[in-house]
Protein chains: 4
Amino acid sequence: MSETGKDVSDWWSTDIIDMAPGEIRMRGYPIDDLIGHVSFAQMIWLMTRGDLPTNDQATLLEAALVAAVDHGPQAPSIAAARMAVTCGVNLNGAMASAVNMLDDVHGGAGEQAVELYTWIDTAILEGAAPDDAVAKMVDRWQAERTAFIPGFGHRFHTPEDPRAPRLLALVDEAARAGTVNGRYAEIARGIQNTLNARKGKPVPMNIDGATAVIFSELGFAGPLARGLFCLSRSVGILSHAWEQMNQGGRNKGPTPPAYKWTYTGPNPIGQKERALKEAEPKD
Amino acid sequence: MSETGKDVSDWWSTDIIDMAPGEIRMRGYPIDDLIGHVSFAQMIWLMTRGDLPTNDQATLLEAALVAAVDHGPQAPSIAAARMAVTCGVNLNGAMASAVNMLDDVHGGAGEQAVELYTWIDTAILEGAAPDDAVAKMVDRWQAERTAFIPGFGHRFHTPEDPRAPRLLALVDEAARAGTVNGRYAEIARGIQNTLNARKGKPVPMNIDGATAVIFSELGFAGPLARGLFCLSRSVGILSHAWEQMNQGGRNKGPTPPAYKWTYTGPNPIGQKERALKEAEPKD
Amino acid sequence: MSETGKDVSDWWSTDIIDMAPGEIRMRGYPIDDLIGHVSFAQMIWLMTRGDLPTNDQATLLEAALVAAVDHGPQAPSIAAARMAVTCGVNLNGAMASAVNMLDDVHGGAGEQAVELYTWIDTAILEGAAPDDAVAKMVDRWQAERTAFIPGFGHRFHTPEDPRAPRLLALVDEAARAGTVNGRYAEIARGIQNTLNARKGKPVPMNIDGATAVIFSELGFAGPLARGLFCLSRSVGILSHAWEQMNQGGRNKGPTPPAYKWTYTGPNPIGQKERALKEAEPKD
Amino acid sequence: MSETGKDVSDWWSTDIIDMAPGEIRMRGYPIDDLIGHVSFAQMIWLMTRGDLPTNDQATLLEAALVAAVDHGPQAPSIAAARMAVTCGVNLNGAMASAVNMLDDVHGGAGEQAVELYTWIDTAILEGAAPDDAVAKMVDRWQAERTAFIPGFGHRFHTPEDPRAPRLLALVDEAARAGTVNGRYAEIARGIQNTLNARKGKPVPMNIDGATAVIFSELGFAGPLARGLFCLSRSVGILSHAWEQMNQGGRNKGPTPPAYKWTYTGPNPIGQKERALKEAEPKD
C-alpha cells in the first residue's frame, strides 16, 4: 500500500486513452481531431492497432466489416437477440446475449483460419512448396484440432458463398495496388483447391475464411479476427433485436408453441409416474 | 400444427435478410453489391433503417460513432471487459459482459435524451415558445423520471466535454448544407442554457447529449440511440479487452489486492464470532 | 486521495463477508461453522437476508426453489443455454446467456407479483375490505402497468398449473404451524377468484404467483423474488446445457435448418434485386 | 420437412422434463411429489444426474454448495455484479454478467482439478503406486497445461484455506460411513504433500481443490464441477448485487474516481498532441 496512490492508478494502465478535464486523447490523437476526420472503420483500426491505417487499408477492412453483419435468424446469436427482447431485455442486454454466443464454434472460425493461414505461411517462408505446405498443415489441423477446416465449407451456401469471391476480388485488387501483398489470398485458394480435390466436390470458402484472408493481409492478430467479427455481427444483432422489439411478442421460444419438444427420458406423461419412495427422499 | 411447415418458417420472419443457396440480400440489396461499395457506417444505417443514407447523412452518423468509442477503464463496462479477459473469457464473452453493462444508467442516457428532445420538439410544434418548451419539459422530466437530465452534466469533464462542441459544430455544418434541419441542436443548446442558468455554473453537454442530437436529427428512434452507442463503445471494449489479453493477469479484481474491501457487518474478524446456536441450525 | 488507502478499501464495502488469511466469515459466522451445519437453502437465506432462518422457514423457501427449476426447452432461457453450448460456450457462459434472459417478462413476474400483493396488503391494513382491495389494485395494476396480472394465467397449464396448489398447500400448513401468517396466500386466492369471475373461466395461478406468495410470507423484498427465481431456474439451465453438451451439435439454431425463416422485406430473392444506384452509394 | 411436425418437436429433445397441460414431470417424477419432499440440493442432483441421491450423498453435495458461495468483492465476478447494478442492470442481468466471468481461470479450477484427480486415479487403478501417480501426473499437468496446479495454492489464505480442511473432514466422515470411498480425498492430500515438498512451504488446498474432491467422490463429471460452482457462487453474486442495489450509486467504476488510471501510450496529455496529418486521414 503506497502513500501516493500510484499503485491504485497503476492497477489499470493503458496505451489506449488518456484524459484530463476537457481533454480526451485516443492513442495520442485529440478526440476532436478524430471526430469528423476519420471513418468508423479507421477508428476501429486505430483503437485496436495503435496507428491510423491508410485509406486503402481502411477500405479493405471496411469490406470485411460490411460482409459479415448478418446471416439471418437461424443463427443462434441472432435468434438469442430476438428471444431476449421478448423476455424484456433492453437492446444492450440483447446484444450482449447474442455476442456471448459468438464463441469458438459460432464466431471463432475466423480466428482459427488466421491461425491456420499463419501455419501455412510460416511453412512457406521456411522453404516449403506452397502446395505441400497447405496439404501438410491441413493434415496437422485435422490431427491436432478438429476435422472442420476453419473458414471452409457451408451447410447452406453451395457451391459458393457469395461473400467470399467478392471479398477475394477486393484483396486481389488491393494486392495489385500494393496495399497488401496477396499471399494469404493465395494460401486460402490453395486450401480450397486441396479440399475440393480431397472431397471431389466444391467446398466453398465461407465468410470466416474470406474475412480471415483480409485480416491476415492487413496484419491483424488472430483473436482480433474474432473481435472484428463480433463488431460486424453486432450490427445484424442490433437490427434483428430492434425489429423484434417492433414486432412485439412475449417470451418467444425457439419454435412455435404447438410443437412441444420431444421427451426421451423415463416415465413419460401418460405412463406410470416414477415413485419417490423408490429413491431415498428427504423425509 | 400445419402440414406445410409454413407456421414454423413464419415463427421467425424478418424484413432484414433473405437467403437462397449462393445468394444473400440485405434489405433487398445483394450482399456482393454492398461489399466494397458502402461504408461500414452506411451498412449500419441500412441494416437498422431499411434504406441507404446519403453520403452526408452517413458522415454525420459516422462522427457520432467515432466520438463514443471509449472513455477509459474507470467506466464499469471497460473494467468489466478487462476483468473478464483475466478470468479466461474469450473476446466475444468479454465484449458481451461489457455491453451488458450499458444499461439504463451507463448506456441509456442517449436514448433518454432523444426522448426528452422529442418532448420539447413536440411542444414547440404544438406552438410553445422554445424557451418555455425547454423549461417545462425539463421540469416534467425531473418530476416524472429522475433529477438527472439525460445528456447533460459530467463528473470529470468540466466546464466542457470536448466531444460535444465538436459534434454540434458538425451538426451546424450539416444544417447549413441542408442535410439536417438543426432543430434538435437548438433544443439541446436550449437545455444547456436553461441548466446553466438554473445551476449558476456551466453544465456541460456530454457525449450522450451530443450524439442524441445527431441521432434525432437523422431520424433514429430513441432505442436505436442506445443500440448505436453500444456498437460504438464495443470498439473501445474490444480494444481494452485485447490490450488486457496482451498484458496478462489472472482473476484481476477491481482494486489492487492489498486494499481489502471494508467490512461493515456484524462480528468482524478479530472480534467474537457469531454463534450458530443462537440461530436454529439445521442439525 | 488519502495517504492511508482507506478510501480505496471503502470503495467496496459490505455487510456480507469478512476475510483474513485463513479466516472467512459470512454475516459474522465462520465459514467452517456453516459448512456441514446449514442447508444450501439456509445459506441462501443467510446471504441474502443477514440472518439464519428457522428450519420451518427454510423448508418453505426450499419448496419454492425446488418448484421453479425448469419449464422445458421452449422457454427462451433454456433454449438459449442449449444454443450457447453448441456455439462453443462453456457452462458458465451458457448459464449467463440464459439467466440474462430472465428479465422483466420472463423472470420478473414474481417480483411484480410481490409488488401487487404488497399493494393489496397495504390497502387491507389501511382498512379496506379484502375483496375491494383486490379488485381495486388489480384495476390499478392494469391501468398503471400492463394488462397482464403478474403471477396469473398460463398459456399451457390449464385449468391449473400443478405447482401452484401444491405450494399453496405448504403455505397453509406453515400458517397453521405459525411459521407464516398466511395473509399473502389469502390475497393471491382473492386475485384468482376475481380473475376467474371477470374472465368467466379458470385463470390458473402460475409458478410466479405461487412462489411470490411464499417469498412475501417469508418477508423477501420484491427484487429478491426475481433473484431467487434466477437461482432456482439456474438449476434447469445447467441441466439442459449439460445435456446439450452430451448430445453434441454445432451452431444449433432455433428451428430445424430445413425451415428457413420467412422474408417479408423488399426485393426478395427470385425477384428483381434492389439497385444500389437508386440510393446514393459511397463511390 | 415432414408433414407431421415431428422433426420440429425432435429438434429439441430432452430426458429432463416432460409436460402436458396441468402436468410436469422432472426425470419422471411428478413435480408435485418433488415439491416439499426433496431438498434444493437433492433437486440439483436429480436434475443434473437423472436420479435422486441418498440423504448422505445430498448432505455432502450440500456442504460443497454452501462452502463456495462467496469470496468477497475483490473477486472479478462479485465486482462485476455490483458494478452492473449501478449501471441500471436488473438482478438477473447482474447475475449473468458475473457468472459469465466464472470461466476457465476464475471458475474452471474445480473442473480442472476433477480432471487431474481422474488422471491420477486412473494411473493408480492401472497399478501405479499412489505417490508415483501423483508426481507423474502433476508433472504431466505442468507440461501439457499450465504451471498452475488446479485446486492448490492461494494468494490470500495462507497457510490454509479454512474451507478445505472442513470439507475434507466431511469427506472422511462420509468415507467412514460408506457413503463415498474416500480415494479422491487421498489423491488430493497426495497432491498437497507433493507440492508442499516441492515448494518447501505449505501450499494450501483451496476451495476448488476441496470441492473437486467432493464432486469426484460423488461421481460428478468435470464440467459439472464448474456448473455446480456457478450455482453456488450465484448465491454470493445475488447477495452482493442486492446489497449494492440498496447502497445505491451510479456507474460505479472499479476504483475511486480520484485515482485515474495510468496512461502509458504515445503523446500523453500535457505533451504535444499526435498530429492527424502524420497519418493518412480520410479527408
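Residues numbered from 1 in each chain as written. Chains lettered and ligands numbered in written order. Predicted model: local features only at pLDDT ≥ 70, side-chain atom pairs only at ≥ 80, totals over all residues. Heavy atoms only, no water.

## Some thoughts on the overall build of chain A
Scanning chain A from terminus to terminus reveals 12 helices and five strands. Taken against the 2.2 N^0.38 rule, which gives 19 Å for 283 residues, the C-alpha radius of gyration of chain A at 24 Å runs more than 25% over that of a compact globule. Dimensions of chain A, computed from C-alpha atoms along their principal axes, come out at roughly 75 × 65 × 45 Å. Nonlocal contacts in chain A, meaning residues at least 24 apart in sequence, comprise 68% of its contacts between residues at least 6 apart. For chain A, the accessible surface area stands at approximately 9,600 Å², while carbon and sulfur atoms represent 49% of it. For chain A, the distance from the average position of its 26 positive side-chain charges to the average position of its 34 negative side-chain charges is 10 Å. (Helix = DSSP H or I, 4+ residues; strand = E, 2+ residues; numbered from the N terminus. Rg over C-alpha atoms; globule rule 2.2 N^0.38 Å. Contact = heavy atoms within 4.5 Å. Areas by Shrake-Rupley, 256 points an atom, 1.4 Å probe, with all protein chains shown as cover. Lys, Arg positive; Asp, Glu negative; His and termini not counted. Charge placed at Lys NZ, Arg CZ, Asp CG, Glu CD.)

## As for the relation of the copies chain A and chain D
Taken as rigid bodies, chain A and chain D are interconverted by a rotation of 180° and an axial shift of 0.0 Å, the fit giving an RMSD of 0.0 Å. The relationship between the two copies is best expressed as a two-fold rotation axis. Among all C-alpha atoms of chain A, that of Gly93(A) lies closest to the rotation axis, at 3.8 Å. Interface overlap between copies: 100% of the residues of chain A at the interface are likewise at the interface in chain D, consistent with a symmetric, same-surface contact. (Least-squares fit on C-alpha atoms with pLDDT ≥ 70 in both.)

## Structural notes on the state of the cysteines
Under the criterion given, the structure shown has zero disulfides over all chains. Cys87(D) provides the cysteine sulfur closest to Cys230(B), a residue in no disulfide bond, and the two sulfurs are 11 Å apart. We classify Cys230(B) as buried; its relative accessible area is 0%. (Disulfide = S-S within 2.5 Å. Buried < 20%, exposed > 50% of the residue type's maximum accessible area, 1.4 Å probe, protein only.)

## As for the relation of the copies chain A and chain B
Laying chain A over chain B is done by rotating through 180° and shifting 0.0 Å along the axis; what remains is an RMSD of 0.0 Å. Of all interface residues in chain A, 100% are interface residues in chain B too; the two copies therefore contact each other through one and the same surface.

## Considerations on the interface of chain A and chain D
At the interface, 59 residues of chain A touch 59 residues of chain D. Summed over both partners, the interface of chain A with chain D buries about 5,300 Å², with 52% contributed by carbon and sulfur atoms. Taken as a group, Trp261(A), Ile269(A) and Arg274(A) account for 15% of the area that chain A buries against chain D, more than any other trio of residues on that side. Linking chain A with chain D are 41 residue pairs in polar contact (both at pLDDT 80 or more). Listing elements by their share of the side of chain A that touches chain D, those giving two or more residues are helix H1 (6-11), strand S1 (13-14), strand S2 (17-20), strand S3 (23-26), strand S4 (29-30), helix H2 (31-34) and strand S5 (262-263) of chain A. Per-element accounting of the side of chain A that touches chain D gives the leading share, four residues, to S2(A). Bridging between S5(A) and strand S1 (residues 13-14) of chain D involves two bridges; their strand directions are parallel. In the sheet register, Tyr263(A) faces S1(D), and the bridge partner there is Thr14(D). (Buried area = accessible area lost by both parts, 1.4 Å probe. Polar contact = N/O pair within 3.5 Å; in protein donor to acceptor, adjacent residues only side chain to side chain. Pairing = 2+ DSSP bridges.)

## Brief notes about the pattern of salt bridges
Counting across every chain of the model gives 52 salt bridges over all chains. Between Arg183(A) and Asp121(A) there is a salt bridge, with its nearest N and O atoms 2.6 Å apart. Here the residue Arg183(A) occupies a position in helix H10 (residues 183-199), and Asp121(A) occupies one in helix H7 (residues 109-125), the gap between them amounting to 62 residues. For the salt bridge of Arg198(B) with Asp139(B), the shortest nitrogen-to-oxygen distance reads 2.9 Å. Placement of the pair is Arg198(B) in helix H10 (residues 183-199) and Asp139(B) in helix H8 (residues 130-144), with a sequence separation of 59 residues. A relative accessible area of 41% means that Arg198(B) is categorised as partly exposed. Taken together, the salt bridges that share partners define one network made up of Asp103(A), Asp104(A), Glu111(A) and Arg226(A). (Salt bridge = Lys/Arg side-chain N within 4 Å of Asp/Glu carboxyl O.)

## Comments concerning the packing of aromatic side chains
Within the structure shown, the criterion is met by 14 aromatic pairs over all chains. Each ring, one from Trp45(D) and one from Phe220(D), has its centre 5.1 Å from the other, and the planes form 75°; the classification is edge-to-face. Of the two residues, Trp45(D) is situated in helix H3 (residues 40-49) and Phe220(D) in the loop between helix H11 (207-217) and helix H12 (222-247); the sequence distance between them amounts to 175 residues. When its relative accessible area of 4% is taken as the criterion, Phe220(D) is described as buried. Taken together, a centroid distance of 6.0 Å and an interplanar angle of 75° make the contact between Phe215(D) and Phe220(D) edge-to-face. On the basis of relative accessibility, which here comes to 4%, the residue Phe215(D) falls in the buried class. An aromatic cluster of three or more residues is present, and its members are Trp45(A), Phe215(A) and Phe220(A). The cationic tip of Lys252(A) hangs over the ring face of Trp12(B); the distance from NZ or CZ to the ring centre is 4.4 Å. Over the ring of Phe220(C) we find Arg49(C); its NZ or CZ atom is 4.4 Å from the centre of that ring. (Phe/Tyr/Trp six-rings, centres within 6.5 Å; stacked < 30°, edge-to-face > 60°. Lys NZ or Arg CZ within 6 Å of the ring centre and 35° of its normal.)

## Digging into the interface of chain A and chain B
Chain A puts 94 residues into the contact, and the matching count from chain B is 94 residues. Summed over both partners, the interface of chain A with chain B buries about 7,900 Å², with 73% contributed by carbon and sulfur atoms. The largest per-residue losses of area from chain A upon contact with chain B belong to Trp11(A), Trp12(A) and Phe40(A), which jointly make up 11% of the total buried on that side. In this structure, the connection of chain A to chain B is made through zero salt bridges. At the boundary of chain A with chain B, the tally comes to 40 residue pairs in polar contact (both at pLDDT 80 or more).

## Description of the sheet that holds strand S2 (residues 17-20) of chain B
Across the sheet, which stays open at both edges, the three strands sit in the order S2-S3-S4 (chain B) with antiparallel pairing between neighbours. The open sheet has two edge strands with one neighbour each: S2 and strand S4 (29-30) of chain B.

## What to know about the sheet that holds strand S3 (residues 23-26) of chain D
With respect to topology, three strands assemble into an open sheet ordered S2-S3-S4 (chain D), the strand pairing being antiparallel. For this open sheet the edge positions go to strand S2 (17-20) and strand S4 (29-30) of chain D, each flanked by a neighbour on one side alone.

## Focus: unusual backbone geometry
Here the amide bond leading from Thr158(B) into Pro159(B) is cis, since omega sits at 0°, within 30 degrees of zero. Here Pro159(B) lies in the loop between H8 and helix H9 (163-176). Its identity is not glycine, yet Asn251(C) carries a phi of approximately 50°, on the positive side. With respect to the helices and strands, Asn251(C) occurs in the loop between helix H12 (222-247) and strand S5 (262-263). Since its relative accessible area comes to 28%, Asn251(C) is described here as partly exposed. Despite not being glycine, Asn267(D) has its phi angle at roughly 50°, a positive value. Locating Asn267(D) in the fold gives a position in the segment after strand S5 (262-263).

## Looking at the side chain of His106(B)
By secondary structure assignment, the location of His106(B) is in the loop between helix H6 (91-100) and helix H7 (109-125). Using a relative accessible area of 10% as the deciding quantity, one classes His106(B) as buried. Setting aside its immediate chain neighbours within four residues, His106(B) contacts Ala75(B), Pro76(B), Ser77(B), Met101(B), Phe229(B), Arg233(B), Cys87(D) and Asn251(D).

## Structural notes on the domain arrangement of chain A
Residue and element names in this part refer to chain A. The domain architecture assigned to chain A consists of domain 1 (18-53) and domain 2 (109-232). Just the C-alpha atoms count here: the centres of domain 1 and domain 2 sit 31 Å apart. Taken together, the contact between domain 1 and domain 2 spans four residues of the former and six residues of the latter. Viewed at the interface, domain 2 and domain 1 are joined by zero salt bridges. For the pair domain 1 and domain 2, the interface holds two residue pairs in polar contact (both at pLDDT 80 or more). Taken together, the residues of the side of domain 1 that touches domain 2 sort by class into two nonpolar, one polar and one charged. (Domains from an automatic or database assignment. Nonpolar A, V, L, I, M, F, W, Y, C, P; charged D, E, K, R; others polar.)

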